[in-house]
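Secondary and tertiary structure notes
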Amino acid sequence: MASELQRQGSAMAVGGSGYPGSQQSLRLRRASSAASNQNTPQFNWSSTPAAEDEGDETGPRQDLRNLPMPMRLRKAVWQVQQMQVPIVSSWQSWKRNKAKSLRRVRHSASGFLTFFALWRKSLQKIGGNFGGGVQSYFLFLRFLVVLNFLSFLLIAGFVLIPSIVFRYVGTSLVNHTGPTECLVYDPNPQGLVLFYTYILDLLSGTGFMEYSYLFYGYYNNTLVVESNTSYNIPLAYVLTAAFYFAFCLICIIARMGTAARVAVATGGAAAGSYSRIVFTGWDYGCLGDRATKLKQKSIHYQLQVDLEEERIKRKAASLTLCQKVVLYSLRILSALTAFALIIAALYGIFVATVFSQSRSGQEGILGLIFEYLPSIVITTGNFLVPFLCDQIALLERYDPSTTIIVALLRSVVLRMVSLGVLLSTLWSQITCAGNPTTQNCVLCQYNHKEYPCWETRVGQEMYKLTLFDFLITIAVLVLVEFPRRMVVDNWSNKLVQWVGRQEFLVPSNVLGLVYGQTVVWTGTLFCPLLPLINTIKFLILFYCKKITLFNNCRPAMKTFRSTRSTFFFLVVLLFGWGLALVVMIYSLSEIQPSMSCGPFRSFPSMWAIVPNSFYSLSQTTQEFLFYIGSQAFSIPLFIFFCVVMCYFIALASVYGKSVELLRAQLKLEGRDKQFLVKQIKELSRKLAIPKDQMGHDAEF
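Residues numbered from 1 in each chain as written. Predicted model: local features only at pLDDT ≥ 70, side-chain atom pairs only at ≥ 80, totals over all residues. Heavy atoms only, no water.

Quick notes on the state of the cysteines
For the record, the criterion: Any two cysteine sulfur atoms lying within 2.5 Å of each other are counted as a disulfide. The numbering of helices and of strands both runs from the N terminus, where a helix is a DSSP run of H or I of at least 4 residues and a strand a run of E of at least 2. Only protein chains enter the area calculation, which uses a 1.4 Å probe; residues under 20% of their type maximum are buried, those over 50% are exposed, and those in between are partly exposed.
Taken as a whole and assessed by the stated rule, the structure comprises 1 disulfide. With a sulfur-sulfur separation of 1.9 Å, Cys453 is cross-linked through a disulfide to Cys597. Handedness here is read from the sign of the S-S torsion; for Cys453 and Cys597, about 95°, the answer is right-handed. With Cys453 in the loop between helix 16 (400–430) and helix 17 (454–490) and Cys597 in the loop between helix 21 (562–589) and helix 22 (609–614), the pair connects residues that are 144 residues apart, well separated along the chain. The class for Cys453 is buried, based on a relative accessible area of 4%.

Pasting the structure below:
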């Protein structure tokens, strides 16, 4: 019937119908439609389960789940398959049963792991009530919790536990040689210690905490040699740090691949997603009123995102030339203003760091304030500057997803560069601005008077940044967010009601996680237990954010697409990883290690332990490693990886073109349907067909 209507509509179409080129489009596409019908998956009714398992002999395997057929027809096909009695050999029967058993085990294991997934029900509840954008923040937080915990297990297994077990066993790897002044380091307090001093030490990482397994200075340069085995603590320290960074990179890249596949599958935009959400978005496995309402809210937020982006795109397309000039001028002015604010914040961090280091000898509460002064200035700048940038962003009028990305870019530049300013200021004071011939650095090649164990000092700064960030988050929750909700709920003042409950700002919260994780990556070399501290911090932070989300926040007025933002979150995290990697490489290779503490005392650099340990290996092992590093091995390996990369790039290009062709085909089919519906209306009007009959034919 559709083909008859198509022929009739083509014959009766007239010009000026509102669909220019529709007749020609249908005529030109008849041949391609016939070809596409031939390419449409057709089910082979004579296929048997054995033939499906032996797909190489009878053709491509036909999976009912992948064929575009109604459920009733699939059920009929399945019943026909079950009635057929296959004639198979014992080997084929065993192979088929084994494949089925493996599929069952894989599905059971997947369901078992999904059941024990961390915060599974809480994340479903958050997504249903506040949308996928807010849910993406909590998914990102869960990823960081797991990443930090696995990183702690790696460090504990290769550094912490061997250091505890072998601390008083074995011999020193290198004798303590050097000037006597460079070997002086005694962090233990002398005399009577007041009780409140322990609290100050806990907050600043000094005193009883400074000389513990928390910081670099407590680890020894021990070499344990048994009958046929040996364990080198300094070598394990360096290699564990390198593998730790490599492990985090692999986890980030793997998650980025997953996020990219989701973004590509969903299209990353509103085009073509309405019908997908309406017709395929419902989960028929939802049982109970609670699960059903959560799914309804989730679909509601997805449609709201699509409609909001489509509205903004139409509004942007309707702008005149003069309005576009004004808009782009405002965006340039806003970008310059945000850049000036970031520069001012960075200068304040530099001044605060220099002042804090010059007053490091103070004791008591005043000394604690001086020690935390860089952390206070960094946290204040990270709060005020993004807030001002968000107010400026109201003039830029980007779509919600682009607004999120721009806010993240500005905030990440501020936070990452502020951390870089702090570290560069510390490096400048430790190395005497890179001039070892000055009075303070000529003896030990570093400023031993102010920094007798500079690695521990850097670890203390990272420890204070992590702890202060956590304390500020708790303080804001208790002293700002809950009182604001109570005032809004119990006071009917117009100004208070206009302010209302706060919204859960995803960009600022995500940047808080990225900043905290970057601090941990930067300080892990100097504070090995920092991943454990960060795991505990993120665990508490999840429940605090969940409480404030459901009790103090309202659903966002402007929603955004979570697929693109999730991928961008990981890109920002990768940027923080790169900054921490630069800090680690510079610390390992350029700065003279402290001569009075740590596993690398009396080495010219931390990395020097690697070549020293290499030359202690057997001759066969050295030759093997030399061959791996030689051109005879590296050049063919590089060529092989280039070929593999080119293959995957070509494959991705082919898949991308296929996706574009399918999308174009969907659009053309939509135009065909619109044209056919219009022709049906014209036929019914000319032939005087009743409206109820016309509606039935159109549906058919």
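Considering the pattern of salt bridges
Pairs can form between side chains of opposite charge whenever their charged atoms are close. Selection rule: A side-chain nitrogen of Lys or Arg and a carboxyl oxygen of Asp or Glu constitute a salt bridge if their distance falls within 4 Å.
Considering all chains together, one arrives at 2 salt bridges under this definition. The partner of Lys464 in a salt bridge is Glu461, with the nearest N and O atoms 3.3 Å apart. With Lys464 and Glu461 both in helix 17 and 3 residues apart, the pair spans about one turn of that helix. Residue classification places Lys464 among the buried positions, given a relative accessible area of 4%. For Lys537, the salt bridge goes to Asp469, with nearest N and O atoms at 2.8 Å. Highlighted residues: Lys537 in helix 20 (residues 530–552) and Asp469 in helix 17, separated in sequence by 68 residues. The two residues Lys537 and Asp469 agree in class, both being buried.

Comments concerning the nonpolar core
What tends to happen in soluble globular proteins is that the nonpolar side chains get buried as a cluster. The condition is simple: Remark: nonpolar core denotes a set of buried residues (Ala, Val, Leu, Ile, Met, Phe, Trp, Tyr, Cys) joined through side-chain atoms within 4.5 Å.
With 106 residues, the main nonpolar core has Tyr137, Phe138, Phe140, Trp427, Trp454 and Trp521 as its most contacted residues. Among the elements that make up this core, the one with the highest residue count is helix 8 (residues 120–165) (17 residues).

Comments concerning the confidence of the model for the chain
The line we're drawing: Across the chain, each position has a pLDDT score giving the predictor's confidence in that residue, from 0 to 100. Any pair of residues with heavy atoms lying within 4.5 Å of one another is described as a contacting pair.
Looking at the chain as a whole, the pLDDT averages 76, with 77% of positions reaching at least 70. Of the regions scoring below 50 in pLDDT, residues 46–61 engages in 20 contacts with residues more than four places distant in sequence or in other chains.

Some points on the packing of helix 13 (residues 321–358) against helix 15 (residues 373–393)
Stated precisely, the cut-off is as follows: Orientation is described by axes fitted as lines to C-alpha atoms, over the contacting stretch for helices, and by angles from 0 to 180 degrees between their N-to-C directions. Roughly parallel means an angle under 35 degrees; roughly antiparallel means over 145; roughly perpendicular covers 65 to 115; every other angle is labelled oblique. Residue polarity is assigned by list, with Asp, Glu, Lys and Arg as charged and Ala, Val, Leu, Ile, Met, Phe, Trp, Tyr, Cys and Pro as nonpolar; anything else, Gly included, falls into the polar class.
Direction vectors running N to C along helix 13 and helix 15 enclose 175°, while the axes themselves pass 9 Å from each other. Relative to helix 15, the element helix 13 is oriented roughly antiparallel. Residues Ser334, Thr337, Ala338, Leu341, Ile342, Ala345, Gly348, Ile349, Ala352, Thr353, Phe355 and Ser356 of helix 13 touch helix 15, and the partners they reach there are Leu373, Pro374, Val377, Ile378, Val385, Leu388, Cys389 and Ile392. Partitioned by chemical class, the residues of the contact of helix 13 with helix 15 number 15 nonpolar, 5 polar and no charged.

Focus on empty space enclosed by the protein
The criterion, for reference: Here a cavity is any set of points on a 1 Å grid over the protein atoms alone where a 1.4 Å probe fits but cannot get out, and a pocket is any open set with protein on both sides within 12 Å along at least 5 of 7 lines; a residue lines the site when it has an atom within 4 Å of a point. Grid points are joined across faces, edges and corners, and a volume is the space filled by probe spheres set on the points.
Counted under the stated rule, the structure contains 5 cavities of 30 Å³ or more. Counted as a void, the largest cavity has a volume near 80 Å³. In terms of lining residues, the largest cavity is bounded by Ile155, Val159, Tyr237, Thr240, Ala241, Tyr244, Thr524, Leu525 and Pro528. Going through the elements one at a time, helix 8 and helix 10 (233–266) are the ones with two or more residues in the lining of the largest cavity. Counting residues per element, the lining of the largest cavity draws most heavily on helix 10, which supplies 4 residues. Within the lining of the largest cavity, the residues separate by chemical class into 7 nonpolar, 2 polar and no charged. Lining the second largest cavity are Pro386, Cys389, Asp390, Ala393, Glu396, Tyr398, Thr403, Val406, Ala407, Arg410 and Ser411. The set of elements that each furnish at least two residues to the lining of the second largest cavity consists of helix 15 and helix 16. Looking at which element gives the most residues to the lining of the second largest cavity, the answer is helix 16, with 5 residues. Across the lining of the second largest cavity, the residue classes tally to 6 nonpolar, 2 polar and 3 charged.

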